[in-house]
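These are the residues of each chain, in order.
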Amino acid sequence: MTGITGTILETVLTTAFAVADPAAEAAGHAGAHGGGHGATSGGALMALIPLLPLFGAVLVGVFACFNEKSKLPAYATVGLLAVAFVLTLITYLGWNGHDPIQVRLWDWIGLEWGSGGVGQTLDAGFAFYFDGLSLLWMLFVTGLATLIGLYASEYMEHDAGLGYCRFFGAFNLFVFSMSCLVMGDNLLMLFLGWEGVGLCSYLLIGYYYKKKAAVDAGMKAFVVNRIGDLGLLIGTLLTFTTFGSLEFTELFATIGHGSTASGAPLDATWQVWAIPLLLMMGAFGKSAQLFFYVWLPDAMEGPTPVSALIHAATMVTAGVYLVARMMPLFVADTQLIALSVVTWGGAITAFWAATIAMAQYDIKRIMGYSTISQLGYMFFGLGVLATTGGVFHVFTHAFFKATLFLSCGAVMHGFAGQLDLRKLSGLWKVPGFKIVVIAMLIGCLNLAGFPFTAGYFSKDMILAEAWVTSDSTIWGSSWAGWLMLLTAGLTAYYTFRVFFRVFVGPVEYHPGDDLHDHADDAHGEDHAHDAGQHGDHHADHFHPHAPKWAINLVLVALAGGSVLAAGLYFVGDHHGWAGDMVHASSAHFDPAHIGDHSAAVAGVGDAVAGGESHAGDAHAGDTHAAHGTILGLDPHKYMYYISAIVGFVGIGVAFVLHFAGRTEAATSRADSLARAMEPVHTWAERKWYVDEFYHFIIVTPLKVISHLFHWFDKLVIDGIVELFGGVPKASSESLSPATQTGVLHDYALRMVAGVAVVLVVVAIVLY
Amino acid sequence: MIDTVLSGMSSLPSMTLVPSLAQTAFPDAMASSTLNHYLFVSAVMFALGLIGFVTRRNLIIMFLCTELMFQAAGLAMIAFGRYHMNFDGQTFVIFVLTIAAAEAAMALALVVLLFRKRESLDANLWAELKG
């Protein structure tokens, strides 16, 4: 007996040691990583930034379990997000301004196979990486999430209860995922966040789950994003097989040597252009560019705070972040193939979306198309090596587009879901809407690129670079630049089309379909009583519901932020604050380095001398004469005037068509012009029939094929299966009257006979 | 004792029906009986049980016949277990005995209930469940 016991004891002990060994190793490993990358005591604080919203999501879930009916979930969310914002701010202020900070929380995925050499170990920690780029993103993500959460506390008040909890749960989870995406220290963390924000986007677009359009829109967003995500996933895997690591610092170090992990020269590989193109595919999916843009306009079915936060300010810029973050890889290709595609993809999308926005009547959809268009600007900026401009535009756009969306949301909230610009006019004179109108004006000026607004500066930084970067570096960059300049004019027009029609002019409004939302507070103190409604049957007793303190406060804060963001252009050492942040991140690259490569390949080395590091700086242009020009002028100096003129023309056209001399909500002048432009106007209004086209080439064939397969499955596959099942069934049915007597002995005898037959058969077979 | 048994395992003739090891371990008890004897008894018991079950109509007798088949199977298992010097057979039979005891209690209770319904133990009176 003792022998056996001893053996068991020994086995248990061995197993325990076998388990303990890797654990000890891992612990030591984590320690080595943490120490090696100089994690500071502030690391714990930074780790809290994503964990606070995650905790918030759980907390809101607990509220939901207790069926909390008050606004507590909203205020808890806002409080936690505000703390996360303050922590981000502390991190930013405590950052030395150039070295990345790395915090490794724990080992996440650690694999080793083969001999464990290069390309045979995968070590992805649950770790964060802070450099200028992630900090810039985190500042506006947490800041805007806090403000928009506060806005939503009022906007979603009609759903207080479980719907409220569902909303804020997904809201918190979104901020957590976005933080993982932006702060992740390897491509796998980024992918985790990338899928997380996609999920939250899906959940929140389909928030009004009883509305078919909303559910369909959520599904569309999810499916379209899957296609892009496939590119990102393949790109990530290729990155690993090529460079042997997914961790940013190691990855960039390998790329910096100009060779793959196995030591082959990078220029000679096909991966050098394939990986950026695949990553770009992911970015284009998430950021609604080129063929993938169709999901974003439909995503406007979600609640407006969601449109503002996820589908305008933060999530859709994840693609821009990805390209900026992986910039070393994009510029490693001496021919800059992927960047040329990014440039043209952005430019075409920006123009395309702007043309659609011009003919839409739903103000939220106009803002949705405008977001697509502005994202096109950002990609265009990255493509023409104006990284600073692109990133700065992300930052300014986050503020002014959130302002625009939230103003539209306030209108929607106040007019029972009315979004049709033909049915709203003169809100300036409706009591209680002054702040909304002013916020909207500030947002519109930014979007239109009105001089000295933040949007004006960030757009200039991008546009000027289109001519500075020569056509031979980025294929046809100046031509794309002309397209973007035209788009700037269209943007100014459609932006002020909304403003002149809805927010100023004669007072006229018709409520939307959501009158039930309005019933409980229809006779509140702060409602308008004397507005000049017209013949709608609701109109007799409809009073616009003016926004209360939370919405107004947030609008003031965001409009103020949009204005102040312009000031960031004038601070810092590298062409604005955004330039400083980009300079201290992986998005920064040495233009001379690209010059060398280009010189070797295309002989245009000096043409890009004024590349990224001089992006958009008029004064720096003086000392670097050898760059491209626009009509013989220095783009760094004259783009300010050119784009201002373009903006004024756009606003002027909108003024003439939609405001001057208008006495009713309808605009006869614009309508007659639209009629004169038929059928182009209808095509644009119907979004150039792209959805119908996709339906025709993708959805319909899939449906036909699935129906064919369905019938094949039903007739052939099921037929064969049922044939096998049918034979015993039919035979037993024919035999049952004779055999199913119910007498115990009959059954017993037959069983014995059956066993006997089996035994005899077995015996015959065996012997 | 276990050590003795285990060490004896290697000297066990592989295909013989005579358990020579058992003879060394328990010289008196197993001296004259071989595996075949046990299996023969087991088969006879099983056949008796089976025939009884199929031919008799009395519920109690039928039940006793099933018990007989049970024990026949148990006997075979113990005999094989002993022959292979493996205790699984005995262990299993102890479980079977336990469960058979519980099952007997239930079966007899059922028989009592059936008897109360029809005032008879004839199994053929119960033939409603057809098909």
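Cut-off values and rules
Residues numbered from 1 in each chain as written. Chains lettered and ligands numbered in written order. Predicted model: local features only at pLDDT ≥ 70, side-chain atom pairs only at ≥ 80, totals over all residues. Helix = DSSP H or I, 4+ residues; strand = E, 2+ residues; numbered from the N terminus. Buried ≥ 20, exposed ≤ 12 C-beta atoms within 10 Å, placed from the backbone. Contact = placed C-beta atoms within 7 Å. Nonpolar A, V, L, I, M, F, W, Y, C, P; charged D, E, K, R; others polar. Axes fitted to C-alpha atoms, helices over the stretch in contact; angles between N-to-C directions. Parallel < 35°, antiparallel > 145°, perpendicular 65-115°, else oblique. Pairing = 2+ DSSP bridges. Core = buried A, V, L, I, M, F, W, Y, C linked by C-beta atoms within 7 Å. pLDDT = per-residue confidence, 0-100. Left-handed = near helix turned anticlockwise from the far one by under 90°. Arc of directions from axis to C-beta.

S.K.: How should the overall build of chain A be read in this particular structure?
M.R.: Regarding its fold elements, chain A presents 28 helices and four strands. Taken over 767 residues, chain A has a buried fraction of 51%. At a minimum sequence separation of 6, the contacts of chain A that also span at least 24 residues come to 78%.

S.K.: Just to check I follow, could you spell out the overall build of chain B for this structure?
M.R.: A count of helices and strands for chain B gives five helices and zero strands. Starting at the N terminus and ending at the C terminus, chain B contains elements arranged as α-α-α-α-α. Evaluated residue by residue, chain B yields a buried proportion of 11% over its 131 residues. In chain B, once contacts between residues fewer than 6 apart in sequence are set aside, the share between residues at least 24 apart is 44%.

S.K.: Quick question: what am I supposed to make of the interface of chain B and chain A here?
M.R.: A common way to express how large an interface is: the accessible area buried when the components associate. Listed by partner, the interface residues are ten residues for chain B and ten residues for chain A. Across the side of chain B that touches chain A, the residue classes tally to six nonpolar, two polar and two charged.

S.K.: Explain the environment of Gly285(A) to me, please; I cannot follow it from the model alone.
M.R.: All names here are of chain A. By the secondary structure assignment, Gly285 is in helix H9 (residues 271-286). Here Gly285 falls in the buried class, since 26 other C-beta atoms lie within 10 Å of it. Sequence separation between Gly285 and Val316 is 31 residues; the distance between their C-alpha atoms is 9.0 Å. Not counting the four nearest positions on each side in its chain, Gly285 is found in contact with Val224, Asn225, Ile227, Gly228, Asp229 and Phe292.

S.K.: How should the packing of helix H4 (residues 132-155) of chain A against helix H5 (residues 162-183) of chain A be read in this particular structure?
M.R.: A pair of packed helices is captured by two measures, namely the crossing angle of their axes and the spacing between those axes. Residues and elements named next belong to chain A. Contact pair H4 / H5: the axes reach a minimum separation of 10 Å and the direction vectors enclose 175°. As far as their axial angle goes, H5 and H4 are roughly antiparallel. From H4, Ser134, Trp137, Met138, Val141, Ala145, Gly149 and Ala152 reach across to H5, where they touch Phe167, Phe171, Val175, Met178, Ser179, Val182 and Met183. A per-class count over the contact of H4 with H5 returns eleven nonpolar, three polar and no charged.

S.K.: I'm lost on the pairing of strand E2 (residues 121-130) of chain A in this one. Help?
M.R.: Residues and elements named next belong to chain A. With respect to burial, E2 is a largely interior element, seven of its ten residues being buried. When strand E1 (residues 101-112) meets E2, the two strands line up antiparallel, connected through ten bridges. The partner of Glu112 across the bridge, within E2, is Thr121.

S.K.: It is not clear to me how unusual backbone geometry should be interpreted in this structure. Could you clarify?
M.R.: With the exception of glycine, most residues fall at negative phi, and the peptide bonds are largely trans. Residues and elements named next belong to chain A. Look at the link from Glu678 to Pro679: it is a cis peptide, with omega at 0°. As for its placement among the helices and strands, Pro679 is situated in the loop between helix H25 (668-676) and helix H26 (680-685). Unlike most non-glycine residues, Lys687 shows phi in positive territory, near 60°. Structurally, Lys687 can be placed in the loop between H26 and helix H27 (690-739). Under the C-beta neighbour-count criterion, Lys687 is labelled buried, with 21 such atoms within 10 Å.

S.K.: In this structure, what is going on with the nonpolar core? I would like to understand it.
M.R.: Core analysis: the largest hydrophobic core is formed by 221 residues, its most contacted members being Leu144(A), Tyr151(A), Val323(A), Ala402(A) and Met484(A). In this view, Met484(A) contacts Ala347(A), Ala350(A), Tyr377(A), Phe380(A), Leu463(A) and Ala466(A); residues no more than four positions away in its chain are not counted.

S.K.: Before we go on, may I ask you to explain the confidence of the model for chain B in this structure?
M.R.: Note: predicted coordinates in regions of low pLDDT should not be interpreted at a detailed level. All names here are of chain B. Considering every residue of chain B, the mean pLDDT works out to 81; 75% of them sit at 70 or more. For chain B, the element scoring lowest by mean pLDDT is helix H1 (residues 2-8), at 43; helix H3 (residues 35-55) scores highest, at 94. Here the complex is predicted with pTM 0.75, and the ipTM for its interfaces comes to 0.73.

S.K.: What's the story with the packing of helix H16 (residues 387-414) of chain A against helix H17 (residues 434-448) of chain A in this structure? I'm lost.
M.R.: Residues and elements named next belong to chain A. Between H16 and H17, whose axes approach to 8 Å, the crossing angle comes to 140°. Our pair here, H16 against H17, has a crossing hand that is left-handed. In this structure, H16 uses Thr396, Phe400, Thr403, Leu404, Ser407, Ala410 and Val411 to contact H17, whose residues at the interface are Val436, Ala439, Met440, Ile442, Gly443, Asn446 and Leu447.

S.K.: I tried to follow helix H8 (residues 248-256) of chain A on my own but got confused; where do I start?
M.R.: Every α-helix winds through 3.6 residues per turn, so residues three or four apart in the chain are directed the same way. Residue and element names in this part refer to chain A. Among the residues making up H8, those that are buried are Phe248, Leu251, Thr254 and Ile255. Projected down its long axis, H8 carries its buried residues within an arc of 130°, all on one side. Buried-residue contacts for H8 involve E2, helix H7 (212-243) and helix H13 (327-330). Within two residues after H8, Gly258 carries a phi angle of roughly 70°, on the positive side.

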